[in-house]
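So you can see what is in the structure, the chains are spelled out below.
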Amino acid sequence: MALEELGVTPDPAPPSARVVRLLADVDARFDGLLAGGLHTRLPNFAPADYGQVHGVLAALARTSVRGERFLEWGSALGAVAGMAAALGFRSCGIELDAEMAETSRELLAAHGLDVEIVQGSFMPEGHEIPADLDDPDTATLRPGVAAYDLLGRDLDEFAVIYAYPWPDMREAFLDMFDTHAADGALLVTFEGRDGCHVHRRTDGAARDPL
Ligand SMILES: C[S@@+](CC[C@H](N)C(=O)[O-])C[C@H]1O[C@@H](n2cnc3c(N)ncnc32)[C@H](O)[C@@H]1O
(Lines give C-alpha, C1' and ligand atoms only; values in the text may rest on other atoms or scores of the structure.)
Protein backbone atom coordinates (compact mmCIF):
# COMPACT_ATOMS: atom_id res chain seq x y z
CA MET A 1 0.00 0.00 0.00
CA ALA A 2 0.99 3.62 -0.30
CA LEU A 3 -0.18 7.08 0.56
CA GLU A 4 -0.98 9.85 -1.89
CA GLU A 5 -1.23 13.43 -0.74
CA LEU A 6 -4.40 15.14 -1.90
CA GLY A 7 -4.76 18.84 -2.54
CA VAL A 8 -7.84 19.83 -0.56
CA THR A 9 -8.85 23.48 -0.69
CA PRO A 10 -10.23 24.50 2.70
CA ASP A 11 -13.84 25.66 2.74
CA PRO A 12 -13.59 29.40 3.43
CA ALA A 13 -17.06 29.60 5.01
CA PRO A 14 -16.95 30.45 8.72
CA PRO A 15 -17.92 27.69 11.16
CA SER A 16 -21.56 27.41 12.19
CA ALA A 17 -22.76 29.13 15.37
CA ARG A 18 -22.83 25.70 17.00
CA VAL A 19 -19.17 25.09 16.23
CA VAL A 20 -18.26 28.61 17.39
CA ARG A 21 -19.97 27.89 20.74
CA LEU A 22 -18.21 24.52 21.01
CA LEU A 23 -14.78 26.05 20.36
CA ALA A 24 -15.39 28.82 22.89
CA ASP A 25 -16.19 26.19 25.50
CA VAL A 26 -13.14 24.13 24.52
CA ASP A 27 -10.97 27.22 25.03
CA ALA A 28 -12.47 27.86 28.45
CA ARG A 29 -11.98 24.22 29.49
CA PHE A 30 -8.37 24.27 28.30
CA ASP A 31 -7.78 27.34 30.45
CA GLY A 32 -9.20 25.43 33.42
CA LEU A 33 -7.05 22.37 32.75
CA LEU A 34 -3.92 24.52 32.32
CA ALA A 35 -4.64 26.27 35.61
CA GLY A 36 -5.03 22.81 37.15
CA GLY A 37 -1.55 21.73 35.97
CA LEU A 38 -2.11 20.08 32.57
CA HIS A 39 1.40 21.10 31.50
CA THR A 40 2.92 19.35 34.50
CA ARG A 41 1.39 16.12 33.23
CA LEU A 42 1.82 16.83 29.50
CA PRO A 43 4.65 19.39 29.19
CA ASN A 44 4.32 20.11 25.47
CA PHE A 45 0.58 19.80 25.10
CA ALA A 46 -0.81 22.17 22.46
CA PRO A 47 -4.14 22.23 20.65
CA ALA A 48 -4.36 22.56 16.87
CA ASP A 49 -5.58 25.64 15.01
CA TYR A 50 -9.23 24.62 14.92
CA GLY A 51 -10.16 27.23 12.32
CA GLN A 52 -7.72 25.66 9.85
CA VAL A 53 -8.85 22.13 10.63
CA HIS A 54 -12.50 23.16 10.30
CA GLY A 55 -11.85 24.51 6.77
CA VAL A 56 -10.47 21.13 5.67
CA LEU A 57 -13.19 19.07 7.37
CA ALA A 58 -15.89 21.31 5.90
CA ALA A 59 -14.36 20.76 2.44
CA LEU A 60 -14.36 16.98 3.01
CA ALA A 61 -17.97 17.17 4.22
CA ARG A 62 -18.90 18.38 0.72
CA THR A 63 -17.54 15.17 -0.85
CA SER A 64 -18.57 11.53 -0.87
CA VAL A 65 -17.03 10.93 2.58
CA ARG A 66 -19.72 13.05 4.31
CA GLY A 67 -21.58 10.89 6.83
CA GLU A 68 -18.81 8.30 7.02
CA ARG A 69 -16.99 7.22 10.18
CA PHE A 70 -14.47 9.72 11.55
CA LEU A 71 -11.86 9.11 14.27
CA GLU A 72 -9.73 11.69 16.11
CA TRP A 73 -6.44 10.19 17.29
CA GLY A 74 -5.56 11.84 20.61
CA SER A 75 -8.83 13.74 20.91
CA ALA A 76 -7.94 15.91 23.96
CA LEU A 77 -11.12 17.95 24.59
CA GLY A 78 -12.82 16.57 21.48
CA ALA A 79 -12.84 19.82 19.50
CA VAL A 80 -12.08 18.19 16.16
CA ALA A 81 -14.28 15.14 16.77
CA GLY A 82 -17.05 17.58 17.77
CA MET A 83 -16.60 19.70 14.64
CA ALA A 84 -16.71 16.54 12.53
CA ALA A 85 -20.00 15.49 14.18
CA ALA A 86 -21.44 18.97 13.59
CA LEU A 87 -20.43 18.63 9.93
CA GLY A 88 -22.30 15.34 9.56
CA PHE A 89 -19.67 12.66 10.20
CA ARG A 90 -20.23 9.68 12.51
CA SER A 91 -17.53 10.75 14.87
CA CYS A 92 -15.51 9.37 17.73
CA GLY A 93 -12.22 9.97 19.49
CA ILE A 94 -9.52 8.13 21.42
CA GLU A 95 -7.68 9.99 24.18
CA LEU A 96 -5.11 8.55 26.58
CA ASP A 97 -5.42 11.20 29.28
CA ALA A 98 -8.31 10.20 31.54
CA GLU A 99 -9.16 13.74 32.69
CA MET A 100 -9.33 15.10 29.15
CA ALA A 101 -11.34 12.08 27.94
CA GLU A 102 -13.90 12.58 30.72
CA THR A 103 -14.03 16.37 30.27
CA SER A 104 -14.52 15.99 26.52
CA ARG A 105 -17.45 13.60 27.01
CA GLU A 106 -19.21 16.14 29.25
CA LEU A 107 -18.41 19.01 26.94
CA LEU A 108 -19.58 17.30 23.74
CA ALA A 109 -22.77 16.08 25.42
CA ALA A 110 -23.47 19.62 26.67
CA HIS A 111 -23.39 20.75 23.03
CA GLY A 112 -25.69 17.94 21.93
CA LEU A 113 -22.94 16.37 19.83
CA ASP A 114 -23.15 12.61 19.42
CA VAL A 115 -19.46 11.67 19.70
CA GLU A 116 -18.10 8.55 21.37
CA ILE A 117 -14.86 9.19 23.25
CA VAL A 118 -12.91 6.24 24.63
CA GLN A 119 -9.94 6.41 26.94
CA GLY A 120 -6.87 4.48 25.81
CA SER A 121 -4.30 4.44 23.04
CA PHE A 122 -4.98 4.99 19.35
CA MET A 123 -1.91 2.89 18.51
CA PRO A 124 -3.23 -0.55 17.48
CA GLU A 125 -2.14 -3.52 19.57
CA GLY A 126 1.14 -4.96 18.33
CA HIS A 127 2.05 -1.90 16.26
CA GLU A 128 5.57 -0.67 16.91
CA ILE A 129 7.17 2.68 16.32
CA PRO A 130 10.93 3.25 16.06
CA ALA A 131 12.39 3.28 19.60
CA ASP A 132 14.15 6.62 19.09
CA LEU A 133 10.73 8.27 18.60
CA ASP A 134 9.41 7.13 21.93
CA ASP A 135 9.90 10.49 23.65
CA PRO A 136 7.35 11.07 26.41
CA ASP A 137 7.94 14.84 26.24
CA THR A 138 6.41 15.12 22.80
CA ALA A 139 3.14 13.74 24.19
CA THR A 140 1.74 13.08 20.72
CA LEU A 141 2.20 9.32 20.89
CA ARG A 142 2.50 8.02 24.43
CA PRO A 143 2.33 4.32 25.33
CA GLY A 144 -0.98 2.86 26.51
CA VAL A 145 -3.48 0.05 26.03
CA ALA A 146 -5.08 0.09 22.58
CA ALA A 147 -8.66 1.38 22.74
CA TYR A 148 -10.16 -0.22 19.61
CA ASP A 149 -11.85 -3.05 21.56
CA LEU A 150 -13.53 -0.46 23.78
CA LEU A 151 -14.65 1.37 20.68
CA GLY A 152 -15.90 -1.87 19.15
CA ARG A 153 -14.28 -0.92 15.85
CA ASP A 154 -10.97 -1.48 14.11
CA LEU A 155 -8.95 1.22 12.46
CA ASP A 156 -9.92 -0.03 9.00
CA GLU A 157 -13.58 0.82 9.69
CA PHE A 158 -12.94 4.56 9.57
CA ALA A 159 -13.12 6.61 6.38
CA VAL A 160 -11.40 9.66 7.89
CA ILE A 161 -8.79 9.85 10.65
CA TYR A 162 -7.46 13.10 12.08
CA ALA A 163 -4.26 13.62 14.11
CA TYR A 164 -1.89 16.37 15.25
CA PRO A 165 1.59 14.78 15.29
CA TRP A 166 4.72 16.61 16.41
CA PRO A 167 7.11 17.03 13.42
CA ASP A 168 9.40 14.18 14.52
CA MET A 169 6.37 11.88 14.83
CA ARG A 170 4.84 12.69 11.46
CA GLU A 171 6.31 9.73 9.57
CA ALA A 172 5.35 7.32 12.37
CA PHE A 173 1.73 8.54 12.20
CA LEU A 174 1.66 8.19 8.41
CA ASP A 175 3.14 4.70 8.68
CA MET A 176 0.59 3.63 11.31
CA PHE A 177 -2.21 4.89 9.09
CA ASP A 178 -0.76 3.17 6.01
CA THR A 179 -0.36 -0.11 7.91
CA HIS A 180 -3.83 -0.31 9.50
CA ALA A 181 -6.35 1.92 7.72
CA ALA A 182 -8.70 0.84 4.95
CA ASP A 183 -7.81 1.31 1.32
CA GLY A 184 -9.21 4.68 0.28
CA ALA A 185 -9.31 6.05 3.86
CA LEU A 186 -8.17 9.63 4.45
CA LEU A 187 -5.70 10.91 7.04
CA VAL A 188 -6.02 14.59 7.93
CA THR A 189 -3.05 15.97 9.85
CA PHE A 190 -2.54 19.37 11.41
CA GLU A 191 1.19 20.07 11.31
CA GLY A 192 1.69 23.37 13.11
CA ARG A 193 3.24 26.00 10.86
CA ASP A 194 2.90 23.58 7.90
CA GLY A 195 -0.87 23.68 8.25
CA CYS A 196 -3.18 20.81 7.32
CA HIS A 197 -2.43 17.93 5.01
CA VAL A 198 -4.66 15.18 3.64
CA HIS A 199 -3.34 11.76 2.60
CA ARG A 200 -5.28 8.90 1.05
CA ARG A 201 -4.32 5.26 1.42
CA THR A 202 -4.21 3.75 -2.01
CA ASP A 203 -3.45 0.46 -3.73
CA GLY A 204 -2.25 2.42 -6.76
CA ALA A 205 -5.48 2.03 -8.75
CA ALA A 206 -6.88 5.22 -10.27
CA ARG A 207 -9.47 6.91 -8.04
CA ASP A 208 -11.81 9.79 -8.52
CA PRO A 209 -10.56 13.04 -7.07
CA LEU A 210 -12.44 14.02 -3.94
C1 LIG B 1 -0.91 17.53 20.12
S2 LIG B 1 -2.27 17.05 21.16
C3 LIG B 1 -3.58 17.18 19.95
C4 LIG B 1 -4.94 17.34 20.55
C5 LIG B 1 -6.09 17.48 19.54
N6 LIG B 1 -6.24 16.30 18.73
C7 LIG B 1 -5.87 18.67 18.66
O8 LIG B 1 -5.68 18.48 17.45
O9 LIG B 1 -5.91 19.79 19.19
C10 LIG B 1 -2.03 15.25 21.24
C11 LIG B 1 -3.05 14.51 22.07
O12 LIG B 1 -2.82 13.11 21.91
C13 LIG B 1 -2.93 12.48 23.18
N14 LIG B 1 -2.18 11.22 23.11
C15 LIG B 1 -0.83 11.03 23.11
N16 LIG B 1 -0.54 9.74 22.93
C17 LIG B 1 -1.71 9.09 22.79
C18 LIG B 1 -2.06 7.73 22.56
N19 LIG B 1 -1.11 6.77 22.42
N20 LIG B 1 -3.36 7.41 22.47
C21 LIG B 1 -4.33 8.35 22.64
N22 LIG B 1 -4.07 9.67 22.84
C23 LIG B 1 -2.78 10.03 22.92
C24 LIG B 1 -2.40 13.51 24.16
O25 LIG B 1 -2.85 13.26 25.48
C26 LIG B 1 -2.99 14.80 23.56
O27 LIG B 1 -4.28 15.03 24.03
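Further up the page is the structure itself.
Given the structure is predicted, the values throughout are model-derived calculations rather than measurements.

(A) Structural detail: the overall build of the chain. Within the chain, the secondary structure is distributed over 7 helices and 7 strands. Projected onto its principal axes, the C-alpha positions of the chain cover 50 × 45 × 35 Å. Expressed as a percentage of its 210 residues, the buried residues of the chain come to 39%. Relative to all contacts within the chain whose residues are 6 or more apart in sequence, the contacts with residues 24 or more apart total 71%.

(B) Quick look at the sheet that holds strand β4 (residues 115–119). Taken together, 7 strands build an open sheet; the order of strands is β1-β7-β6-β5-β2-β3-β4 and the sheet is mixed. Only two strands of the sheet have a single partner each, and these edge strands are β1 (2–6) and β4. Taking the axes of each pair of neighbouring strands and ignoring which way they run, one obtains an average angle of 25° across the sheet. Examined bridge by bridge, strand β3 (residues 90–95) and β4 share 5 bridges and lie parallel to one another. Residue pairing in the sheet places G93 in a bridge with I117 of β4.

(C) The nonpolar core, seen in detail. The biggest cluster of nonpolar side chains holds 58 residues, and the ones touching the most others in it are L57, M83, A84, V160 and I161. In terms of residue count, helix α4 (residues 79–86) provides more of this core than any other element does, 7 residues in total.

(D) Molecular detail of the site of the ligand. Around the ligand, the structure places 25 residues, and the nearest of them are A48, G74, A76, L96 and Y164. Class assignment of the residues belonging to the shell around the ligand gives a composition of 16 nonpolar, 5 polar and 4 charged.

(E) The arrangement of the pairing of β4 in detail. Residues V115, I117 and Q119 point to one face of β4 and are all buried, whereas E116 and V118, pointing to the other face, are not buried. For the handedness criterion, the β-α-β arrangement of β3, helix α5 (residues 98–110) and β4 is classed as right-handed.

(F) Seen up close, the environment of L150. The topology assignment puts L150 in helix α6 (residues 148–151). For the pair L150 and G120, spaced 30 residues apart in sequence, the C-alpha to C-alpha distance is 8.5 Å. Excluding residues within four positions of it along the chain, L150 makes contact with V118 and G120.

(G) Expanded view of unusual backbone geometry. With a phi angle near 50°, A76 is a residue other than glycine that sits in the positive phi range. Along the chain, A76 turns up in the loop between β2 (69–73) and α4. On the basis of neighbour counts, which here come to 28 C-beta atoms within 10 Å, the residue A76 falls in the buried class.

The rules behind the values
Residues numbered from 1 in each chain as written. Predicted model: local features only at pLDDT ≥ 70, side-chain atom pairs only at ≥ 80, totals over all residues. Helix = DSSP H or I, 4+ residues; strand = E, 2+ residues; numbered from the N terminus. Buried ≥ 20, exposed ≤ 12 C-beta atoms within 10 Å, placed from the backbone. Contact = placed C-beta atoms within 7 Å. Pairing = 2+ DSSP bridges. Axes fitted to C-alpha atoms, helices over the stretch in contact; angles between N-to-C directions. Core = buried A, V, L, I, M, F, W, Y, C linked by C-beta atoms within 7 Å. Near = placed C-beta within 6 Å. Nonpolar A, V, L, I, M, F, W, Y, C, P; charged D, E, K, R; others polar. Right-handed = clockwise from strand over helix to strand, strands pointing away.

Treat this as a map of the structure, not an account of what it does.
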